[in-house]
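Spelled out from the first residue to the last, the chains are:
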Amino acid sequence: MGRGRLRIYLGAAPGVGKTYAMLAEAHRRAERGTDVVVAFVEDHGRQHTARQAVGLEVVPRRDLAHRGAVFTEMDLDAVLARRPQVALVDELAHTNVPGCRNAKRWQDVEELLAAGIDIVSTVNIQHLESLGDVVEGITGVRQRETLPDEVVRRADQIELVDMSPQALRRRLAHGNVYAPEKIDASLANYFRPGNLTALRELALLWTADRVDEYLQKYRAEQGIEGTWQARERIVVGLTGGPEGATLIRRAARIAARGSGGELLAVHLSRSDGLAGSGSGSSQALIEQRALVESLGGSYHAVLGDDPAAGLLDFARGVNATQIVLGTSRRPAWQYLYGPGVGTTVTRAAGDIDVHIVTHEQAAKGRGRIPIRRVTDLGRTRAVAGWLIGVAGPPLLALVLTNVEGPGLSTDMLLFLSLTVCAALVGGLYPAIASALVGSSALNYYFAPPIHTFTISEPQNIMAVAIFTAVGIAVASVVDLAARRTHQAARSQTEAQTLGALAGTVLRGAPSGDGVLTALLEQVRETFQQESAAFLERVDPVGPWQPLATAGPHPPERPESADVDVPVGDTLALALCGRVLPAEDRRLLGAFAAQAAVVLERRRLAGEAAAARREAEGNRIRTALLAAVSHDLRTPLAGIKASVSSLRSADVEWDEEDEAELLAGIEAGADRLDHLINNLLDMSRLQTGTVTPLIQDTDLDEVVPFALGGVPPGAVRLDVPETLPMIRADGGLLERSLANLIENAVKYSPAGTKVLVKADALHPAGGRGRVELRIVDRGPGVPEDAKERIFAPFQRYGDAPRGAGVGLGLAVARGFVEAMDGTVTAEDTPGGGLTMVVTLPAVDRLSEPSEPSVPSVPSELAEPPVPPRPSASDEPPGSDGPAEPAVNPAPA
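Residues numbered from 1 in each chain as written. Predicted model: local features only at pLDDT ≥ 70, side-chain atom pairs only at ≥ 80, totals over all residues. Heavy atoms only, no water.

Here's the deal with the overall build of the chain
Working step 1: A count of helical and extended segments in the chain gives 24 helices and 24 strands.
Working step 2: Taken over 891 residues, the chain has a buried fraction of 48%.
Working step 3: Expressed as a percentage of contacts within the chain between residues at least 6 apart in sequence, the contacts between residues at least 24 apart total 72%.
Working step 4: When the accessible surface of the chain is split by element, carbon and sulfur atoms take 56% of a total near 41600 Å². (Helix = DSSP H or I, 4+ residues; strand = E, 2+ residues; numbered from the N terminus. Buried < 20%, exposed > 50% of the residue type's maximum accessible area, 1.4 Å probe, protein only. Contact = heavy atoms within 4.5 Å. Areas by Shrake-Rupley, 256 points an atom, 1.4 Å probe, with all protein chains shown as cover.)

Right under this line is the structure:
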């Protein structure tokens, strides 16, 4: 049984028609005989959408009771038991009601796909996790329900449901999106033309990126190397020279001319390290990389024997449309060595446009000694060296025999100069050949008796022998210097590559998430490979599993790769594309070792986090034991003593004494209830299971209920009825305020009232908030202790053991922060402590949210279940529906 296929309808905003399009697709498939069912679809009260669902089989939903109300969710088990070919699952980013097997609907969809069921779903662009901040900056609304981008990226098909802002606003005005009472506020706020245009652009660009990924995959699978100019992709070649910043800015301007343009900077180095050595600095490359990334581009490093060919291969591999290069810094005479990279790229670019950009350093030289180029023993140098070494001596002999020579010693110096020249140009072997041929020519033409290979004078024999030895020695020294220069240049290139590798690792997340993939992409580009994979197996003979991959068709095991580098017995780096020489394998080993370090760091980070959680749990358990040892036993002892006294047959209690004993029992039970509630609340906070039910709430309705645990008349309220509503969970807020107010009353002097005052804040450029200040006239808290008092199991000063387990303030802060609020402590002017609670306010000008009582809001009402918002189409004026959670009982 294979995995099911996922198709997603993506929209820019609520109301563009995603659900309608999904239902239309379901009807088309059903007409073709496909087994299609509706697993979960919300019509949000829209008549056209509801009519579109008629005629499709619907899997009954599951009813879940939560906080006194009944909600309906997709019945995952029923869909799995039905096993249709295709299931419709609306609102992929939705958060399930507590009681469901999975917290998120996309996790339900993963189970259905794993079972071999094809899924058709919907999602809005604002619910992608990576775009949360961008959407909030555009609309002022923070989406609380999101899903990982990777869930949508893995979809087999993504279809954009697009609609112009004007058309969507008309739909809204006609009542086809929201109820009539919401239309005016929606048009004036979330559904403004600018908001919708920006969201539409986000959706189009995000979809375009996914389409580009599919295009690259298809080109790789089909082996297509030509450029398809589907979008502007600008590649700028860098050498690390001073002109780099100019080229980058010029390329960025070219990319910005059209929407969706992409900037890629590539640094080209010969694999032997000679290309570009001395032409630029590592520091300049670091600065240019930072500039590229600040302009929204990406930086790449590529090794190759031919810089021009490497640049073109890279450009064709990324489907580039334009290449930007700088005018060569070489002076005119150096063009004797060859046409240069710019000219070569221009000639071979084909359908890729090449821009040659002038700059201040053009033709001013590269600042290096020409002899370093002479030591580059490429094919051209080797041929020239052999010509000088073999043909040079006979030609020189011919010239010297036709002129009046000064003598044998001068002739020998001239032949020795020719040997040195052959060594400088061609290396060791052409120089040896020159020395041997030159010595033979000296013997035959210039050492008496001439025209014979015999030498009559002993000193001439010695001279020819010294000449031959000196020639060979000079050739050896020059060859050794060339090889050392070659090695130094290669080491420099390797150091630059390893520096880029270290930068990739350091810029990664501390946990290593995503860094392995980035490393593999860098390996693939640096060594010009088609794909790369980092593989692991549990034991030395077990099957290999990919930890991270890059490129199309990555190798599944080292044996199937062109290059593999083992890292121990259980890890391996495998590459497909071309076989690497031995010198490159050493550098590749550094990449493999670094990948293993990243993996180990990620695992150690996970173990450290688990250890921290376990240590925190141990600390809490220790504190709980301390609390049980005294704070819980004391009221239990009082209750037991009072009950034993009442049950005693030896004493006759009058009504007054009996009432006193019963009051003691009640007080002890209340104290136990308060302590246990705080302990349970702190346990939930520590384990991360508190997810508030965010709703529009009136503060003046919550605060009075928070005073139930304080004596009458101990608190003075100043909470205006004109305050804006806040976004909060009423139960959690009541519990938090009760703890804060009770703490303030406990430390206030007798006869002094605690002031509870609320005000509205309207920060410039930010969202409105409501501030609640709880002011007491107690002893106050020093500045260095203001944060410690919020730690669990902390009592300030000389508070007695019976005053509680020190959880009230910790619970209060934890609950408020879970509602996107803050709790801080300040000094009260004149003495005392002020607790400041801030919570987000509901913008009265924004889209009205759904009813907040008694249930989770929704746009699709099904009596008698109260409505609640969907994940994809929640009211735009709100922060988005929160993940529901069970609230604790008020204190």
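Digging into the packing of helix α23 (residues 730-747) against helix α24 (residues 808-818)
In a pair of packed helices, the angle between the axes and the distance between the axes together describe the arrangement.
Working step 1: Put simply, α23 and α24 touch, their axes get as near as 8 Å, and they point 145° apart. Taken as a pair, α23 and α24 cross one another with a handedness that is left-handed. Between α23, through Leu732, Arg735, Ser736, Asn739, Leu740 and Asn743, and α24, the contact on the second element is made entirely by Gly808, Leu809, Val811, Ala812, Phe815 and Val816.
Working step 2: Its residues assigned to classes, the contact of α23 with α24 shows seven nonpolar, four polar and one charged. (Axes fitted to C-alpha atoms, helices over the stretch in contact; angles between N-to-C directions. Left-handed = near helix turned anticlockwise from the far one by under 90°. Nonpolar A, V, L, I, M, F, W, Y, C, P; charged D, E, K, R; others polar.)

Regarding the sheet that holds strand β22 (residues 769-775)
Strand pairing in a sheet takes place through backbone hydrogen bonds and is either antiparallel or parallel in direction.
Working step 1: Read from one edge of the open sheet, five strands run β19-β21-β22-β24-β23, paired in mixed fashion. Two strands in the sheet have a free side with no partner beyond their single neighbour: β19 (715-718) and β23 (822-827). Here the strands of the sheet are splayed against their neighbours by 20° on average, with no regard to which way each runs.
Working step 2: Relative to β22, α23 is tilted by about 30°, and along the sheet it contacts β19, β21 (754-761), β22, β23 and β24 (833-840).
Working step 3: Sheet contacts for α24: β23 and β24; angle to β23, the most-contacted strand, approximately 130°. (Pairing = 2+ DSSP bridges.)

Looking at the pairing of strand β16 (residues 563-567)
Working step 1: Only one face of β16 is covered, namely the face carrying Val563, Val565 and Val567; the face carrying Asp564 and Pro566 is uncovered.
Working step 2: Where β16 and strand β17 (residues 571-576) come together, five bridges link them in antiparallel fashion. Along β17, the bridge assignment pairs Pro566 with Ala572.
Working step 3: In this structure, the hairpin formed by β16 and β17 is closed by a connection of three residues, where Gly568 is found at a positive phi of approximately 75°.

Examining the environment of Arg602
Working step 1: With respect to the helices and strands, Arg602 occurs in helix α20 (residues 582-647).
Working step 2: Assessed through its relative accessible area of 26%, Arg602 is described here as partly exposed.
Working step 3: Taking the C-alpha atoms as reference points, Arg602 and Leu516, separated by 86 residues in sequence, lie 10.0 Å from one another.

Describing the packing of helix α12 (residues 307-317) against helix α13 (residues 341-348)
Working step 1: It is the contact of α12 with α13, at a shortest axis distance of 9 Å, that shows an interaxial angle of 45°. In this view, α12 runs oblique relative to α13, as classed from their interaxial angle. Pair α12 / α13 crosses with right-handed handedness. Of the residues in α13, those touching α12 at Pro307, Ala308, Leu311, Leu312 and Arg316 are Val341, Thr344, Val345 and Ala348.
Working step 2: Per-class residue counts for the contact of α12 with α13 are seven nonpolar, one polar and one charged. (Parallel < 35°, antiparallel > 145°, perpendicular 65-115°, else oblique.)

Focus on the packing of aromatic side chains
For any pair of aromatic rings, the description consists of the separation of the ring centres together with the inter-plane angle of the planes.
Working step 1: All told, the structure shown has zero aromatic pairs when counted by the stated rule.
Working step 2: When the ring centre of Phe40 is taken as reference, the NZ or CZ atom of Arg61 above it lies at 4.1 Å.
Working step 3: The residue whose ring lies beneath Arg813 is Phe790, and the NZ or CZ to ring-centre distance is 3.9 Å. (Phe/Tyr/Trp six-rings, centres within 6.5 Å; stacked < 30°, edge-to-face > 60°. Lys NZ or Arg CZ within 6 Å of the ring centre and 35° of its normal.)

A short note on the sheet that holds strand β3 (residues 57-58)
Working step 1: Read across the sheet, six strands follow the order β3-β2-β6-β7-β1-β8 without closing on themselves; strand pairing throughout is parallel. What marks the edges here is a single partner per strand, and that holds for β3 and β8 (157-161).
Working step 2: In the packing of helix α1 (residues 18-31) onto the sheet, the strands contacted are β1 (6-11), β2 (36-40), β6 (86-89), β7 (118-124) and β8, and the crossing angle to β1 comes to about 145°.

Describing the pattern of salt bridges
Working step 1: Taken as a whole, this structure holds 26 salt bridges when the rule is applied.
Working step 2: A salt bridge links Glu293 to Arg289, with the shortest nitrogen-to-oxygen separation between them at 3.4 Å. Separated by four residues within a single helix, Glu293 and Arg289 lie in helix α11 (residues 282-294), roughly one turn from each other.
Working step 3: Notably, a salt bridge pairs Arg813 with Glu817, separated by 3.9 Å at the nearest N-O pair. In this pair, Arg813 and Glu817 are both assigned in helix α24, four residues apart and thus about one turn of the helix distant.
Working step 4: Residue classification places Arg813 among the buried positions, given a relative accessible area of 13%.
Working step 5: What makes Glu817 partly exposed here is its relative accessible area of 45%.
Working step 6: Because the salt bridges share partners, they merge into one network encompassing Arg7, Glu25, Arg28, Arg29 and Glu159. (Salt bridge = Lys/Arg side-chain N within 4 Å of Asp/Glu carboxyl O.)

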